[in-house]
Amino acid sequence: MDGQKAQVEDTADSQVPARQRSLFLRLLMMGGAIMLVSQIVISWIALKGFEEELGPELNQKASAVGRALSTELTYAINELGIPPGKLVGVSEYFQHILESNFDIQYLALVDNPSGVMFEHSVPDKLLDQFPATLHESDGSHNSHSIRDIGGYLDHRFPIHFKGDSSAALHVGVSSGNIRQQLATIFFEVIAVIVVSMVITLELLTMFMSRRILDPTAHLQKVLEAGSKGKFSYRLSLRARNEIGLMVSSLNRLLYHLEQRYQDFQFELRELRDAQIDPRISQKIAALKTQASKRYGFTDQFSVIEKTPALIRVPFFLFIFSEELSRSFFPLFVSGFIPVEPALSYEMMISLPITLFMVAAVVATLLAGNLTHRLGCSRLFLIGIGCAFAGYCGTFLSDNYTELIIWRCLNGVGYGLIFNACETWIALHSRAGNRAHSASAYVGAIFAGYVCGPSLGGMFADHVGQQTIFLISAGLSVLSGYAAYRLLASSSSGPGKNAGSAPNARVFGMRPWAILFSDNLFISTILTAISTRTTLSAFLFVLIPLYLNELGHSSTQIGQMMMLYGVIIVIGTPATSRLADKIGKYFTMTVMGATLSGLGLLATLASDHLGDSRAVLISIVAVGLGHCLILSPRYAIMQQIVYRYRHLIESSVSIGIYQFVDRIGLIIGPLLAAILIQQMPYANAIAAIGAIVLVAITLSAIIANVGQSQIKGESSA
Amino acid sequence: MTSRKFRFPWLAGILVISLLTPLGGYAQHTETDGKDQPHKIFAVVWRGETAVEAGFKDYLDQRGIPYELTVRNLDLDRGNAPPIIQEIRYAKPDLVYTWGTGTTLSILGSVDTDTPEKFIRDIPAIFVLVAYPQAANIIKSYESTGRPVSGVSFLAPLDAQMNVIRAYRPFKKLASIYDSTSRNVRINVELLKEAVPRAGMEFLPLPIPLDDDNKSDPDTLPELIRQAKSEGVEVLYIGPDSFLARHGEIFTKTAIEEGLPTFASTQFPVKNSHSMFGLISDYYTLGKLAGLQAEKILVDGTRPRNLPVAQLGRFKLWINMDVVRALGVYPPLGMISIADFKDSGLE
């Protein structure tokens with residue numbers, strides 16, 4: 001009977017969701033498409049509006065600046081009696097004004113006989129044109145006039161020297177600048193569309209899974225079992241929707257069926273007891289046994305099981321909260337560094353990130369036992385508690401030490417939550433859907449990578465960096481609430497299946513010795529560490545610092561970082577299918593790492609590509625490279641775990657792998673700090689690329705040696 | 001107000017008595033609302049009443065604080081202090097008010113004086129126009145004065161003063177010609193020795209030679225200015241120096257003749273003589289701030305010992321345009337919108 005039951009579960013798992021999923025996917029795609037189209041239309045209308053408003057707005061600003069400045073100049077010359085030729089500090093003052101009005105391109109004071117007297121940022125091609133425009137000034141001689149000269153809208157304000165207006169102040173607005181501002185708004189709109197799509201799809205997926213997919217799958221399971229004569233299942237679902245009504249009807253049906261069956265059995269018993277002839281009595285007894293074998297009514301209510309996907313939304317919300325500060329965090333830290341830092345400036349910037357990672361790794365290691373005692377949902381909520389306190393503390397921090405302490409607490413929360421999620425996935429997935437379950441977890445991380453940096457960067461530019469941590473605290477509370485609603489009152493967690501939780505007993509030395517004697521494991525670990533190092537050094541530290549140095553706002557930095565997440569989210573499913581199809585997992589990881597390494601070298605060609613474009617190429621290459629690495633690496637680890645399944649418990653192998661893998665996250669910020677002490681940012685990025693290339697070459701050599709050894713052993 | 005004066009004939013009596021005092025002091029009376037006893041304030045000034053006292057009185061009036069103010073003048077001589085101290089002891093005021101470092105030290109003594117019996121030690125007091133109260137040993141620290149004395153500090157921070165000088169022109173060498181008999185001024189010169197090089201300028205301190213009475217000799221001023229000029233000095237600095245305030249006319253005019261701009265850290269040289277520019281606190285506003293300190297002591301009951309010395313948050317950049325034109329050293333455009341432009345009456 002157990003075997004039959006297992007069979008029922010397997011068929012329910014493998015067939016039903018596939019059919020439902022196609023319906024669900026169609027619904028999701030349709031909903032997504034409608035939303036996307038409507039967002040694009042609204043954004044287009046809004047952009048049009050901006051375009052119409054922006055030009056006049058900039059002209060108005062140029063007018064205001066020009067009027068104020070010409071008043072000051074007139075006052076200095078006419079009221080204070082400073083001869084125009086003796087004006088001092090004019091260019092410096094112009095520079096100061098341009099710095100605080102970045103949408104104005106140039107300022108120039110032009111005198112009729114002597115030409116340009118003072119100027120700042122006037123393009124060379126315009127310098128000769130000013131005196132000419134002065135002569136042309138005919139009708140507009142005595143008033144503010146605007147002309148289009150060489151791609152610039154030139155505002156001219158006459159300055160009267162004791163009644164004679166022989167000089168003029170020129171204020172220039174570039175039409176290219178208007179286009180650039182429109183492009184900035186356009187990218188902001190795109191970022192908002194992408195983020196809102198990701199959030200909507202995440203929430204839609206959660207509601208669909210919880211309210212429709214999981215109950216119908218279970219319903220199907222009950223019906224399948226019923227078709228085989230097993231009526232032992234009942235569904236426990238209270239919902240006032242169509243599914244809920246269907247479930248209660250089914251439960252009623254099953255109840256009446258059981259009642260009738262019991263009546264039938266009772267009548268059979270009565271009939272058997274009333275017989276005098278033992279043969280007839282035996283026949284009836286046989287019939288009764290046969291009936292109870294054919295129809296099972298033994299078990300009572302069964303609760304709809306928790307699925308791995310349930311953790312996705314709380315986990316996504318948490319990653320979202322953590323990633324909000326990603327695009328500006330190193331810059332945020334730099335504001336806390338004391339005048340006389342204990343370590344080098346660069347080290348002080350990377351230290352909070354490194355210690356965060358250390359705290360996370362230590363928490364992950366220690367959480368193993370806690371998970372056993374408390375269960376996933378409680379561990380998740382403790383993690384959220386730590387993260388919430390960490391965010392609030394960071395928001396209130398006013399010195400470097402406080403910042404470090406609160407970020408470490410955040411790191412502890414991060415570690416506990418990661419452990420809770422991994423354990424949840426391990427506990428709630430079955431052999432058949434383990435890879436699919438893991439994708440729920442990985443998907444949530446990358447959805448967070450897409451939404452966090454871009455939205456966080458944008459908000460930071462508007463409300464200030466420190467306030468973002470308050471928003472993060474709010475999101476973490478939401479995440480905790482979602483976890484409480486979705487994961488709590490789980491029958492699973494402690495005890496049951498706990499052995500399969502990752503990180504269980506990674507402390508023993510023997511599994512380490514066995515795994516590290518395997519060349520494939522070492523080479524995979526090398527790739528994994530170099531991938532993680534790239535992520536934490538390049539993406540978390542160097543990009544924010546370098547792009548900030550190049551003059552990009554937090555919004556723009558966030559958008560560029562979002563690109564990495566978008567590539568991973570779109571690319572990973574494609575590469576995982578490709579990996580399964582061609583089966584050359586290791587070749588793919590080597591290709592991926594090489595691509596990311598080469599991509600990082602692009603910053604060496606900044607002179608030809610332009611600084612920002614080179615960084616963009618690096619981000620895209622690293623994103624694509626990591627796409628190629630992620631899925632095959634998982635498959636390779638499965639192979640290794642399978643190879644040593646008799647010697648090491650699979651969860652222990654995975655625990656060791658994950659621990660070593662995370663070391664990369666700690667190395668990254670430290671490496672970045674050491675590199676930027678020695679060289680400019682662009683070179684530091686390239687140096688990381690070179691290190692990745694060396695690591696991957698080593699990894700390939702080690703793997704080849706391993707394979708030839710295996711071949712040698714098998715031929716011997 | 002006058003009608004109220006007649007309702008309190010005893011106040012008029014005090015007025016008459018004080019007018020008859022040998023030092024020409026006088027008492028002032030202001031509003032009392034009939035319910036509260038007016039707070040008795042005893043002010044001692046150095047060279048007659050200034051805008052500080054006007055601001056002080058206006059603040060108390062605006063806040064409706066009843067007070068009775070007696071003002072005595074030291075008339076530039078610390079030797080006039082003992083009878084005033086006697087008078088204060090007799091009058092038992094609620095608050096003593098002192099103007100300037102010399103006055104404060106003569107009336108209140110230093111924080112660790114060996115002869116406390118010669119000074120007013122037990123009556124709450126506030127000082128104004130004291131440039132360096134801590135260095136002059138009037139208080140222990142700005143936060144907690146260590147005695148029943150508080151006050152208002154009036155100088156702009158030295159670094160801010162240096163920044164203004166450098167922002168006006170990248171001068172390379174600055175000289176301070178100073179009265180070496182004044183403790184206040186000596187402290188200032190010591191601080192300048194660090195602050196001027198910090199701002200990227202060379203510093204030349206030139207003490208004014210003393211005459212037979214061991215007092216700074218004003219006749220040497222023109223020669224000192226010429227000496228500074230010959231040593232490559234580009235700007236002269238006037239600190240919180242009463243001597244130079246008194247001889248400001250000759251000092252600043254000689255400087256103009258020699259083509260040297262002067263910067264002043266107090267308002268007297270820019271307002272009453274021909275300093276080219278200065279970063280100063282407005283005396284009237286300063287008086288109002290002193291009024292606020294007095295309110296905290298008299299009305300709120302704060303112990304002066306626990307009342308930190310107050311400081312103005314804003315200072316005035318004063319430029320005498322007639323001096324600027326005479327020297328041909330025009331201010332940079334960036335200062336046009338932030339400075340107060342005046343004429344000093346230079347002929």
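Parameters at a glance
The residue numbering used here restarts from 1 in each chain and proceeds along that chain's sequence as written. For naming, the first written chain is A and the first written ligand is 1, with later ones following in the order written. Only residues with pLDDT of at least 70 get local features here, since the model is predicted, and only at 80 or more are side-chain atom pairs given and counted; chain-wide, interface and lining totals rely on the full set of residues. In computing side-chain properties, one takes all heavy atoms of the structure into account and sets aside hydrogens as well as water. For the purposes of this entry, the term helix denotes a DSSP run of H or I that reaches at least four residues, the term strand denotes a run of E that reaches at least two, and both are numbered from the N terminus. Each residue is assigned to one of three classes by its accessible area relative to the maximum for its type, calculated with a 1.4 Å probe on protein chains only: buried under 20%, partly exposed between the two thresholds, exposed over 50%. What sets the accessible areas is the Shrake-Rupley method with a 1.4 Å probe; for residues, cover comes only from the shown protein chains. Only centres within 6.5 Å qualify two rings of Phe, Tyr or Trp (six-membered ring in Trp) as a pair; their planes then separate them into stacked at under 30 degrees, edge-to-face at over 60, and tilted for everything else. Should any heavy atoms of two residues lie within 4.5 Å, those residues are counted as being in contact. Summed over both partners, buried area is the accessible surface (1.4 Å probe) that two parts give up on being assembled. In what follows, salt bridge is the name for a side-chain nitrogen of Lys or Arg lying within 4 Å of a carboxyl oxygen of Asp or Glu. Counting of polar contacts relies on pairs of N or O atoms within 3.5 Å, with two restrictions inside protein: one atom must be capable of donating a hydrogen and the other of accepting it, and residues adjacent in sequence are counted only when both atoms are side-chain atoms. In plain words, nonpolar cores are sets of buried Ala, Val, Leu, Ile, Met, Phe, Trp, Tyr and Cys residues tied together by side-chain atoms within 4.5 Å. For two strands to count as paired, DSSP must find a minimum of two bridges between them. What counts as an axis is a line fitted to C-alpha atoms, over the stretch in contact for a helix, and the angles between N-to-C directions run from 0 to 180 degrees. pLDDT expresses, on a scale from 0 to 100, how confident the predictor is about each individual residue. The cut-offs work like this: below 35 degrees is roughly parallel, past 145 is roughly antiparallel, 65 to 115 is roughly perpendicular, and the gaps in between are oblique. Crossing handedness is read from the near helix: turned anticlockwise from the far helix by less than a right angle, it gives a left-handed crossing, and turned clockwise, a right-handed one. Only Asp, Glu, Lys and Arg are considered charged, only Ala, Val, Leu, Ile, Met, Phe, Trp, Tyr, Cys and Pro nonpolar, and every remaining residue, Gly among them, polar. Only residues whose relative accessible area exceeds 30% and that take part in no salt bridge are eligible for patches, with like-charged residues grouped when within 9 Å of each other and nonpolar side chains (Val, Leu, Ile, Met, Phe, Trp, Tyr) grouped when within 5 Å. Positive charges come from Lys and Arg, negative ones from Asp and Glu, while His and the chain ends are left out of the count. To locate a charge, take atom NZ for lysine, CZ for arginine, CG for aspartate or CD for glutamate.

1. Overview of the overall build of chain A
Of the regular secondary structure elements, chain A holds 22 helices and 7 strands. Classification of the 716 residues of chain A by burial places 52% in the buried group. Accessible surface, chain A: about 33,400 Å² in total, of which carbon and sulfur atoms supply 62%.

2. Side note on the packing of aromatic side chains
Geometry of an aromatic ring pair is reported as the spacing of the ring centres plus the angle between the planes. Residues and elements named next belong to chain A. This structure, assessed with the given rule, holds 25 aromatic pairs over all chains. Arranged with centres 6.4 Å apart and planes meeting at 65°, the rings of Y261 and Y295 form a pair that is edge-to-face. Taken as a pair, Y261 in helix 6 (residues 242–274) and Y295 in the loop between helix 7 (278–294) and strand 7 (302–303) lie far apart in primary sequence, 34 residues in all. What makes Y261 buried here is its relative accessible area of 12%.

3. Here's the deal with the interface of chain B and chain A
Interfaces are often sized by the amount of accessible area the parts lose when they come together. Taken together, the contacts link 11 residues of chain B with 13 residues of chain A. Summing both sides of the interface, chain B and chain A together bury roughly 1,100 Å²; the carbon and sulfur share of this comes to 75%. Our count for the contact surface shared by chain B and chain A stands at 0 salt bridges. If you look at where chain B meets chain A, you find 2 residue pairs in polar contact (both at pLDDT 80 or more). It is helix 14 (residues 333–336) of chain B that contributes the most residues to the side of chain B that touches chain A, 3 residues altogether.

4. So, the environment of I319 of chain A
Inspection of the secondary structure assignment puts I319 of chain A in helix 8 (residues 312–323). In sequence terms I319 of chain A and A447 of chain A are 128 residues apart; their C-alpha atoms lie 8.3 Å from each other.

5. Let's talk about the nonpolar core
One finds I107, M162, I165, F277 and I319 of chain B to be the most contacted residues of the largest nonpolar core, which totals 122 residues. With 8 residues, helix 1 (residues 2–79) of chain A is the single largest residue contributor to this core. Beyond its immediate stretch of four places on either side in the chain, I165 of chain B contacts F171, L174, M201, V235, Y237, F263 and F277 of chain B. Among the nonpolar cores identified, the runner-up in size contains 104 residues, and F316, V361, A447 and A682 of chain A belong to it.

6. Remarks on the sheet that holds strand 11 (residues 277–280) of chain B
Residues and elements named next belong to chain B. Spatially, the 7 strands line up as an open sheet ordered 8-7-9-10-11-13-14, and their pairing is mixed. Of all strands in the sheet, those with a lone pairing partner are strand 8 (202–207) and strand 14 (340–342), marking the two edges. Averaged over all adjacent pairs, the angle separating strand axes in this sheet is 25°, with direction ignored. Bridge count for strand 11 against strand 13 (residues 316–320) is 4 bridges, and the pairing is antiparallel. When the sheet's bridge partners are listed, F277 is paired in strand 13 with I319. Its contacts with the sheet place helix 10 (residues 248–257) against strand 7 (173–178), strand 9 (235–238) and strand 10 (262–264), and it is angled at close to 170° to strand 9.

7. Details of the pairing of strand 3 (residues 145–149) of chain A
Within a regular strand, the side chains alternate between the two sheet faces. Residues and elements named next belong to chain A. Alignment of strand 3 against strand 4 (residues 152–161), held across 5 bridges, turns out to be antiparallel. Across the sheet, the residue bridging to I149 is Y152, located in strand 4. Connecting strand 3 to the antiparallel partner strand 4 that follows it, the hairpin turn spans 2 residues, and G150 within it adopts a positive phi of roughly 50°.

8. Some details on the confidence of the model for chain B
Reading predicted coordinates in detail is not appropriate for stretches of low pLDDT. Residue and element names in this part refer to chain B. Looking at chain B as a whole, its pLDDT mean stands at 87, while 90% of the residues score no less than 70. Contacts of residues 1–35 to residues separated by more than four positions or lying in other chains number 45 contacts, the stretch itself having pLDDT below 50. In the predicted assembly, ipTM is 0.74 and pTM is 0.61.

9. Remarks on the packing of helix 5 (residues 175–227) of chain A against helix 17 (residues 554–582) of chain A
Residues and elements named next belong to chain A. Remark: helix 5 packs on helix 17, axes separated minimally by 11 Å, with the N-to-C direction vectors making an angle of 45°. When the axis of helix 5 is compared with that of helix 17, the two are oblique. For the crossing formed where helix 5 meets helix 17, the hand is left-handed. Only T555, Q556, Q559, M562 and V566 of helix 17 make contact with helix 5, whose side of the interface consists of T184, F187, E188, A191, V194 and V195. Its residues placed into classes, the contact of helix 5 with helix 17 shows 6 nonpolar, 4 polar and 1 charged.

10. With respect to the packing of helix 5 of chain A against helix 6 of chain A
Residues and elements named next belong to chain A. Two elements in contact, helix 5 and helix 6, have axes whose closest approach is 11 Å; the angle formed by their N-to-C orientations is 20°. Comparing the axis directions of helix 5 and helix 6 gives the class roughly parallel. In this structure, the crossing between helix 5 and helix 6 has a hand that is left-handed. Where helix 5 approaches helix 6, its residues R211, I212, P215, T216, L219, V222 and L223 are matched on the opposing element by I243, M246, V247, L250 and L254. Looking at the contact of helix 5 with helix 6, its residues break down into 10 nonpolar, 1 polar and 1 charged.

11. What about a nonpolar patch on the surface?
Residues and elements named next belong to chain A. The grouping of L23, L27, M30 and I34 at the surface amounts to a nonpolar patch, some 420 Å² of accessible area in total. For L27, the position within the fold is in helix 1. For L27, a relative accessible area of 41% puts it in the partly exposed group.

12. Digging into a negative patch on the surface
Together, E51, E52, E53 and E57 of chain A line one region of the surface with negative charge. Relative to the elements of secondary structure, E53 of chain A occurs in helix 1.

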